[in-house]
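Chain and residue survey
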Amino acid sequence: MAPDRIERLFATLREANPHPETELAFTSVFELLAAVLLSAQATDASVNKATRALFAAAPTPQAMLALGEDGVAAQIRTIGLYRTKARHLVQTCQLLVERHGGEVPRDREALEALPGVGRKTANVVLNVAFGEPTMAVDTHIFRVSNRTGLARGASPLAVEQALLRCVPDAYRVDAHHWLILHGRYICQARRPRCGACRVRPWCEFEAKTDAV
């Protein structure tokens, strides 16, 4: 996509939603990390439903450790892969306490060293908690970037790198929020709602629909 079209696309997304935010519920950096870790292959709504009670019972790594793997699993059993996620979350809490004084590190390498935390999760934490201009490429961003022609790539990492090259600095901190929300509610996988799309004039998707 040409630079002038990219500028117009993001200007339009910003005009419609000047202050985009994650839809995960959290009150601390630790809760954000835990929520993103739990959100793999799950909806934000399902994670928020489960973490409401979990975070009330264990709002810190130390409290989560005290709750234990079985206790965490019992709180999040409505989320897919809950046993594996409970194990990873408890292991992550152990490392946070042992290596980082119970604090979430502001460092990609340290974040990705935590069990269950991959590049996408690290990018979300770095962006949402610390304001860094990262691109957390999930299925929505991958689809929107390729479908619109904004940043094509065969893998999430390729799309991430393409976005970092093409997104103007003025939009970079909020870009992944706009793209996720656009993919979640407008540029949907099975039937994109092109009739309701504000950025349709700059989209290169040939099979546009009239769906609203």
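Rules and cut-offs
- Residues numbered from 1 in each chain as written.
- Predicted model: local features only at pLDDT ≥ 70, side-chain atom pairs only at ≥ 80, totals over all residues.
- Heavy atoms only, no water.
- Helix = DSSP H or I, 4+ residues; strand = E, 2+ residues; numbered from the N terminus.
- Expected span 1.5 Å × (residues − 1).
- Buried < 20%, exposed > 50% of the residue type's maximum accessible area, 1.4 Å probe, protein only.
- Contact = heavy atoms within 4.5 Å.
- Axes fitted to C-alpha atoms, helices over the stretch in contact; angles between N-to-C directions.
- Parallel < 35°, antiparallel > 145°, perpendicular 65-115°, else oblique.
- Nonpolar A, V, L, I, M, F, W, Y, C, P; charged D, E, K, R; others polar.
- Left-handed = near helix turned anticlockwise from the far one by under 90°.
- Core = buried A, V, L, I, M, F, W, Y, C linked by side-chain atoms within 4.5 Å.
- Phe/Tyr/Trp six-rings, centres within 6.5 Å; stacked < 30°, edge-to-face > 60°.
- Lys NZ or Arg CZ within 6 Å of the ring centre and 35° of its normal.

Here helix H5 (residues 82-100) contains 19 residues, and its C-alpha end-to-end distance of 25 Å stays within 8% of the 27 Å for a straight helix at 1.5 Å per residue. Inspection of H5 places Tyr82, Lys85, Ala86, Leu89, Val90, Thr92, Cys93, Leu95 and Leu96 among the buried residues, and these make up the whole buried set. Packed against the buried residues of H5 are helix H2 (29-38), helix H3 (44-57) and helix H4 (61-75).

Bringing the packing of helix H8 (residues 139-148) against helix H10 (residues 172-185) into the picture now. Where H8 meets H10, the axes come as close as 8 Å, and the angle between the chain directions of the two elements is 85°. When the axes of H8 and H10 are compared, the pair comes out roughly perpendicular. Between H8 and H10, the residues in contact are His140, Ile141, Arg143, Val144 and Ser145 and His176, Leu179, Ile180, His182, Gly183 and Arg184, respectively. Residue composition of the contact of H8 with H10, grouped by class: four nonpolar, five polar and two charged.

This part covers the packing of H2 against H3. Their axes nearest at 10 Å, the elements H2 and H3 cross at an angle of 140°. One way to sum up the angle between H2 and H3 is to call them oblique. Regarding H2 and H3, the two cross each other, and that crossing is right-handed. Between H2, through Glu31, Ala34, Ala35 and Leu38, and H3, the contact on the second element is made entirely by Val47, Thr51, Leu54 and Phe55.

The subject of this paragraph is the nonpolar core. Residues Leu38, Leu54, Met64, Val72, Ile76, Leu89 and Leu111 are the most contacted members of the largest nonpolar core, which totals 35 residues. For this core, the elements supplying multiple residues, two or more each, are H2, H3, H4, H5 and helix H7 (119-128). Per element, the largest residue contribution to this core is eight residues, and it comes from H2. Leave out the neighbours within four places in its chain, and Ile76 touches Leu38, Ala50, Leu54, Tyr82, Lys85 and Ala86. Formed by 24 residues, the second largest nonpolar core is a distinct cluster that contains Ile6, Phe10, Val137 and Ile141.

We now examine unusual backbone geometry. One non-glycine residue, Gln41, lies in positive phi territory at about 55°. Following the sequence through the fold, Gln41 ends up in the loop between H2 and H3. According to the relative accessible area criterion, Gln41 is exposed, its value standing at 75%. Positive phi outside glycine occurs at Leu81, with the angle close to 60°. Mapped onto the elements, Leu81 comes out in the loop between H4 and H5. Overall, the relative accessible area of 51% leaves Leu81 in the exposed class.

A word on the packing of aromatic side chains. The final tally for this structure, using the stated rule, is three aromatic pairs. Geometrically, the ring pair formed by Phe10 and Tyr171 is stacked, given 5.8 Å between the ring centres and 20° between the ring planes. A residue pair is termed long-range when its members are at least 10 positions apart, and Phe10 in helix H1 (residues 3-16) and Tyr171 in the loop between helix H9 (156-166) and H10 qualify at 161 residues. For Phe10, a relative accessible area of 0% corresponds to the buried category. Overall, Tyr171 belongs to the buried group, its relative accessible area being 3%. Pairing Tyr171 with Trp178 gives two aromatic rings, centres 6.3 Å apart and planes at 65°, and the pair type is edge-to-face. In this structure, Tyr171 and Trp178 share a single accessibility class: buried. Each residue in the set Phe10, Tyr171 and Trp178 is aromatic and connected to the rest through ring pairs, giving one cluster. Here the guanidinium or amino end of Arg147 rests over the ring plane of Phe205, the centre of that ring lying 4.9 Å away.

Glancing now at the environment of Leu114. Assignment of secondary structure puts Leu114 in the loop between helix H6 (108-112) and H7. Judged by relative accessible area, which is 3%, Leu114 ranks as buried. Counting along the chain gives twelve residues from Leu114 to Leu126, while the straight-line C-alpha distance between them is 14 Å. The residues contacting Leu114, other than those within four sequence positions of it, are Leu33, Thr92, Leu95 and Leu96.

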